[in-house]
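# Close look at the chain arrangement
Below, each chain spelled out in residue letters.
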Amino acid sequence: MSARILDGKAVAARIIEQLAQQTERLTQAGKRPPALAVVLVGEDPASAIYVRSKKQDCAKSGIRSISHELPASTSQEALLALVHSLNADPEVDGILVQLPLPAHIDADAITAAIDPAKDVDGFHSYNIGRLAQKMPTLRPCTPKGMMTLLAETGENLVGKDAVVVGASNIVGRPMALELLMARCTVTICHSATHDLPAKVRGADIVVAAVGRPQFVKGDWIKPGAIVLDVGINRLDDDRITGDIEYEVARERASWITPVPGGVGPMTRASLMENTFIAAGHTL
């Protein structure tokens, strides 16, 4: 058996096109398009690439992109002042402060300062709390994108055993909440988990989000499982690989995301959807 590919790039392109059509209808009705403020502090190369990609997605979907590029020496007080001004700006619907931030800035304090109604990353404790209570508003983008991909399989998720490898606040924990809301039985695995291979081998759905190349071995995958790989790791020979041993896993899974071209594009598409929601529009 060879797994079917969950083509995040194609699904994301479809979402962006649908948003572009919605934006066109808004402007034809005399309404302004949604607006996203993107804040980049410093010159981290990976962050710069991510921000550039997000700006391109804004252009394709008709969202107005407002860029704030600040030097690495920017103080926490100055960044907080900018966030507060964006919170108060009625022309700004969504605020994204690109992570990671320079070491002298408390990222948690910045996230907490963003108006939850404009928190298009979905990281604010209010939005995470809403998700935990099964009343989601703005949902974290990567888990949201993965749930969209799971819907693409057409499979009934109710009652499936799901294992999430990685417990970060950005991916692992909110993804577990998303899967719980879909009525899966969920296990979160982390560095203290005993017998990780056994946990993964029992899973109908495997989500790998640890940031370590090919950490989840392909022969751990249960035949017929759905495999979602969040990892993007650059090897010494400059190749990009995920957190899962892809070629082996592909021969066992029913569905699998490629790296690149799987979860990454869906994260950005979900950000665009969140911006529309923050602007008060339904999807």
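Residues numbered from 1 in each chain as written. Predicted model: local features only at pLDDT ≥ 70, side-chain atom pairs only at ≥ 80, totals over all residues. Heavy atoms only, no water.

As named in an unreviewed UniProt entry, the protein chain is Bifunctional protein FolD, taken from Leeia aquatica. According to UniProt, the comment filed for the protein chain under the heading Function (unreviewed entry) is "Catalyzes the oxidation of 5,10-methylenetetrahydrofolate to 5,10-methenyltetrahydrofolate and then the hydrolysis of 5,10-methenyltetrahydrofolate to 10-formyltetrahydrofolate." (UniProt positions renumbered as here; feature names shortened; annotations may be inferred.)

## Some points on the sheet that holds strand β7 (residues 205-208)
Taken together, six strands build an open sheet; the order of strands is β1-β11-β8-β7-β5-β6 and the sheet is parallel. Unpaired on one side and paired on the other, β1 (4-5) and β6 (185-189) mark the two borders of the sheet. Pairing of strand β5 (residues 161-165) with β6, which is carried by five bridges, proceeds in the parallel orientation. Paired with V163 across the strands is T187, a residue of β6. This element, helix α6 (residues 141-153), spans β7, β8 (226-229) and β11 (255-256) of the sheet and lies at about 150 degrees to β8. (Pairing = 2+ DSSP bridges. Helix = DSSP H or I, 4+ residues; strand = E, 2+ residues; numbered from the N terminus. Contact = heavy atoms within 4.5 Å. Axes fitted to C-alpha atoms, helices over the stretch in contact; angles between N-to-C directions.)

## A short note on the sheet that holds strand β2 (residues 35-41)
Spatial strand order, β3-β2-β4: three strands in an open sheet with parallel pairing. The open sheet has two edge strands with one neighbour each: β3 (64-70) and β4 (94-97). On average, each strand axis in the sheet is tilted by 15 degrees relative to the strand beside it, whichever way the strands run. Across four bridges, β2 lies against β4 in parallel orientation. For A37, the partnering residue across the bridge sits in β4 and is I95. Taken strand by strand, helix α2 (residues 45-61) contacts β2, β3 and β4, and its axis lies near 170 degrees from that of β2.

## Digging into the nonpolar core
Within the largest apolar cluster, 41 residues are counted, with the highest numbers of intra-cluster contacts made by L36, L150, M175, L179 and I205. For this core, the domains that each give at least three residues are domain 1 (30-117) and domain 2 (141-264). Among residues more than four places away in sequence, those in contact with L36 are C58, I63, R64, S65, I66, G94, I95, L96, V120, L271, M272 and T275. Core analysis: the next-biggest nonpolar cluster, separate from the first, contains 19 residues, V165, I244, Y246 and A253 among them. (Core = buried A, V, L, I, M, F, W, Y, C linked by side-chain atoms within 4.5 Å. Buried < 20%, exposed > 50% of the residue type's maximum accessible area, 1.4 Å probe, protein only. Domains from an automatic or database assignment.)

## A word on helix α7 (residues 172-181)
Considered for burial, the residues of α7 that qualify are G172, P174, M175, A176, E178 and L179. Residues of α7 that are buried sit in contact with α5 (125-132), α6, β5, β6, β7 and β8. Directly after α7, the chain includes R183, whose backbone phi takes a positive value near 70 degrees.

## Looking at the UniProt feature "binding site: NADP(+)" (unreviewed entry) in the protein chain
Under the local residue numbering, the UniProt record ascribes the feature "binding site: NADP(+)" (unreviewed entry) to G166, A167, S168 and I232. With respect to the secondary-structure elements, S168 resides in the loop between β5 and α7. Assessed through its relative accessible area of 32%, S168 is described here as partly exposed. In this fold, I232 is placed in the loop between β8 and β9 (233-234). With sequence-adjacent residues up to four places away left out, I232 is seen in contact with I240, T241 and V259.

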